[in-house]
Amino acid sequence: MEDIELSVHANGMNGEGIARYNGKVVFVDGALAGEIVIAKVIKENKNFINAKLVKILKQSEYRCTPKCQYFNNCGGCDLQHLEYKKQLELKAQNVQNLFDKTTLNFKVQTCQASDNFYEYRNKLTLYLNENNNLCFYKKNSKQLIEINNCSLVNEEFNFLINKLNYFLQTNKQFNRFILKGISIRQINDIFIIDLILTKKIILTQLQNYLNLNKINYSLYYCINNEKNSNIPLEPCYFVAGQQKIILQENGIKYPVFPLSFLQVNSYIKNLIYNQILEFTCGQNIILDAYSGAGLLSALVAKNSKKVYAVEISKSAIKACQELCKNNKINNVESICGDCAIEVPKLLQSTKIDCVILDPARKGVEQSVLKSIIDAKPNHIIYLSCNPATLARDLKILTCEYNIVFAKVYDMFPQTANVETLVKLERISEVDYE
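Residues numbered from 1 in each chain as written. Predicted model: local features only at pLDDT ≥ 70, side-chain atom pairs only at ≥ 80, totals over all residues. Heavy atoms only, no water.

A few words on the packing of aromatic side chains. Considering all chains together, one arrives at ten aromatic pairs under this definition. Between Tyr-84 and Phe-117 the ring centres are 4.7 Å apart and the planes differ by 20°, which places this aromatic pair in the stacked class. Taken together, the residues span a long stretch of sequence, with Tyr-84 in helix 1 (residues 84–101) and Phe-117 in the loop between strand 7 (109–112) and strand 8 (123–128) at a distance of 33 residues. Through pairs of rings, three or more aromatic residues link up here, namely Tyr-84, Phe-117 and Tyr-118. Residue placement shows Lys-86 over the ring face of Tyr-62; its charged tip is 4.3 Å from the ring centre. (Phe/Tyr/Trp six-rings, centres within 6.5 Å; stacked < 30°, edge-to-face > 60°. Helix = DSSP H or I, 4+ residues; strand = E, 2+ residues; numbered from the N terminus. Lys NZ or Arg CZ within 6 Å of the ring centre and 35° of its normal.)

Time to look at the sheet that holds strand 13 (residues 217–223). Where strands meet in a sheet, backbone hydrogen bonds hold them as pairs that are either parallel or antiparallel. Across the sheet, seven strands lie side by side as 10-9-8-11-12-13-14; this open sheet has mixed pairing. In this open sheet, the two edge strands, each paired with only one partner strand, are strand 10 (144–146) and strand 14 (237–241). Neighbour-to-neighbour, the strand axes of this sheet turn through a mean angle of 35°, independent of strand direction. The pairing of strand 8 with strand 9 (residues 134–137) spans two bridges and is antiparallel. The residue bridging Tyr-127 from the neighbouring strand is Cys-135, located in strand 9. Taken strand by strand, helix 2 (residues 155–170) contacts strand 8, strand 9, strand 11 (179–187) and strand 12 (190–197), and its axis lies near 155° from that of strand 11. (Pairing = 2+ DSSP bridges. Axes fitted to C-alpha atoms, helices over the stretch in contact; angles between N-to-C directions. Contact = heavy atoms within 4.5 Å.)

Among all positions in helix 8 (residues 366–375), only Val-368, Leu-369, Ser-371, Ile-372 and Ile-373 are buried. Looking at the buried residues of helix 8, the elements they touch are helix 7 (339–349), strand 20 (354–357), strand 21 (379–384), helix 9 (387–397) and strand 22 (401–409). Two residues or fewer past helix 8, Lys-376 is found with a positive phi of approximately 60°. (Buried < 20%, exposed > 50% of the residue type's maximum accessible area, 1.4 Å probe, protein only.)

Moving on: the nonpolar core. Ile-193, Leu-195, Ile-272, Ile-276 and Leu-421 are the most contacted members of the largest nonpolar core, which totals 85 residues. When near neighbours in sequence (up to four residues on either side) are disregarded, Leu-421 contacts Ile-272, Gln-275, Ile-276, Phe-279, Ile-381, Tyr-382, Leu-383, Phe-405, Ala-406, Lys-407 and Tyr-409. Membership of the second largest hydrophobic core comes to 41 residues, among which are Val-364, Val-368, Leu-397 and Val-408. (Core = buried A, V, L, I, M, F, W, Y, C linked by side-chain atoms within 4.5 Å.)

The next point concerns the packing of helix 2 against helix 3 (residues 204–212). Packing of helix 2 against helix 3 leaves a shortest axis separation of 11 Å and a crossing angle of 140°. Taken together, helix 2 and helix 3 sit at an angle that is classed as oblique. Taken as a pair, helix 2 and helix 3 cross one another with a handedness that is right-handed. Residues Leu-160, Lys-163, Leu-164, Tyr-166 and Phe-167 of helix 2 form the contact with helix 3, whose participating residues are Gln-205, Leu-206, Tyr-209 and Leu-210. Residue composition of the contact of helix 2 with helix 3, by class: seven nonpolar, one polar and one charged. (Parallel < 35°, antiparallel > 145°, perpendicular 65-115°, else oblique. Left-handed = near helix turned anticlockwise from the far one by under 90°. Nonpolar A, V, L, I, M, F, W, Y, C, P; charged D, E, K, R; others polar.)

What follows concerns the pattern of salt bridges. Close approach of charged atoms lets side chains of opposite charge pair. Scanning the model with the defined rule gives 15 salt bridges in all. Among the ionic pairs, Lys-244 bridges to Glu-322, the shortest N-O distance being 3.3 Å. Taken together, the residues Lys-244 in the loop between strand 14 and strand 15 (246–249) and Glu-322 in helix 6 (residues 314–326) connect sequence positions 78 residues apart. As a salt-bridge pair, Lys-345 and Glu-342 come within 3.5 Å of each other at their nearest N and O atoms. Of the two residues, Lys-345 and Glu-342 are both situated in helix 7; the distance of three residues between them amounts to about one turn of the helix. (Salt bridge = Lys/Arg side-chain N within 4 Å of Asp/Glu carboxyl O.)

Tracing the sequence through the fold places Asn-188 in the loop between strand 11 and strand 12. Relative accessible area serves as the criterion here: at 61%, Asn-188 is assigned to the exposed category. On a C-alpha basis, the gap between Asn-188 and Ile-380 in space is 33 Å, while along the polypeptide they are 192 residues apart.

Attention now moves to the side chain of Thr-415. With respect to the element layout, Thr-415 can be found in the loop between strand 22 and strand 23 (419–426). Within polar-contact distance, the side chain of Thr-415 engages the backbone oxygen of Phe-412 at 2.8 Å. A distance of 3.1 Å separates a polar side-chain atom of Thr-415 from the backbone nitrogen of Asn-417. (Polar contact = N/O pair within 3.5 Å; in protein donor to acceptor, adjacent residues only side chain to side chain.)

For helix 2, built from 16 residues, the straight-helix expectation of 22 Å at 1.5 Å per residue is met to within 8% by its first-to-last C-alpha distance of 23 Å. What helix 2 keeps buried is the set Phe-157, Asn-158, Leu-160, Ile-161, Leu-164, Asn-165, Phe-167 and Leu-168. Elements in contact with the buried residues of helix 2: strand 8, strand 9, strand 11, strand 12 and helix 3. Residue Asn-154 occupies the N-cap position of helix 2, its side-chain oxygen lying 3.3 Å from the main-chain nitrogen of Glu-156. (Expected span 1.5 Å × (residues − 1).)

Here is the structure:
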């Protein structure tokens, strides 16, 4: 493939540089807006070209040295080569571009910075390769890259990664055909370690090793025999360590399980949740769809008459129920099921004042959006991790609702990902006139 010279005029949703060549858009991984570069054409399509950065002829004043040694290969980060202030500007602008493209007539607020732009994550999932080394995926690939540390987690987390790598190298009973990966979440000074196994095995050696290295842990395993799948699956079986892990937030104590959904950046999560609490204060009946482990449901229940928490994960629902019981919260009703089915049923049978939506990257199902429009709650609060599906869903909702608040939050520094919080209010009949 040929090398071409390009003037990069922007950065895209995934952090890639954007240029034009012979009338086609060119996407260049690693290039920054304002740079002139030499890039190698990797693939040419009818309307666009994918290229790889070869040489920088003119460097952006905002380019910086990545902290992580794996940055150019690992698929976890996109923007370590861009100064943090410019990362925030890029993320806000990319969300605004999607709003404008979808003809959503609203200006989003600037991107809220994280307190730490490194060492902020509380969870990682790592995978095992043929060398018995923990790995991440390479960028834009299913190939694995061996790692001994990650710049997005703290020193204690990286200490555990190194210790686990040593253990796996010296205990050949573990291999990629038995151990597909390890999901690790840090809760204060405790690590919830969930082994993704293909079959049940004796874990006494690992327990002894963790104890010897003075790791505070809660050890679980799950079984995943699905072909081409290495994600944690329910149920998770407790093995050893501290079984009951309790967090406290805004006066709410809540248990955490391996598959409980919790945001990976605690600082940004707290800012977002406090904003949602402000929005929901005084709302009588609230529906919290895609409610996860129920923390937000419990928090908003303090200032509301009733909260319905709908979530498909059984372990998350269990955590929500235990949370409410332990905190003597009696006005949260947990519903375990697919939101695409349960939310329309609930909206048809119950008058809801406010709907909270916090879906996965695929966004909100059409059946849910339609049922919300038909039910006409006064307010909708939408928390999204994917601006593209957010803009798509807002386009549907704004036929009956006005956007009154939209703010971008940097939940994932050094990556191209963001969280966006939107509040919508129902258009009254007077507004139509």
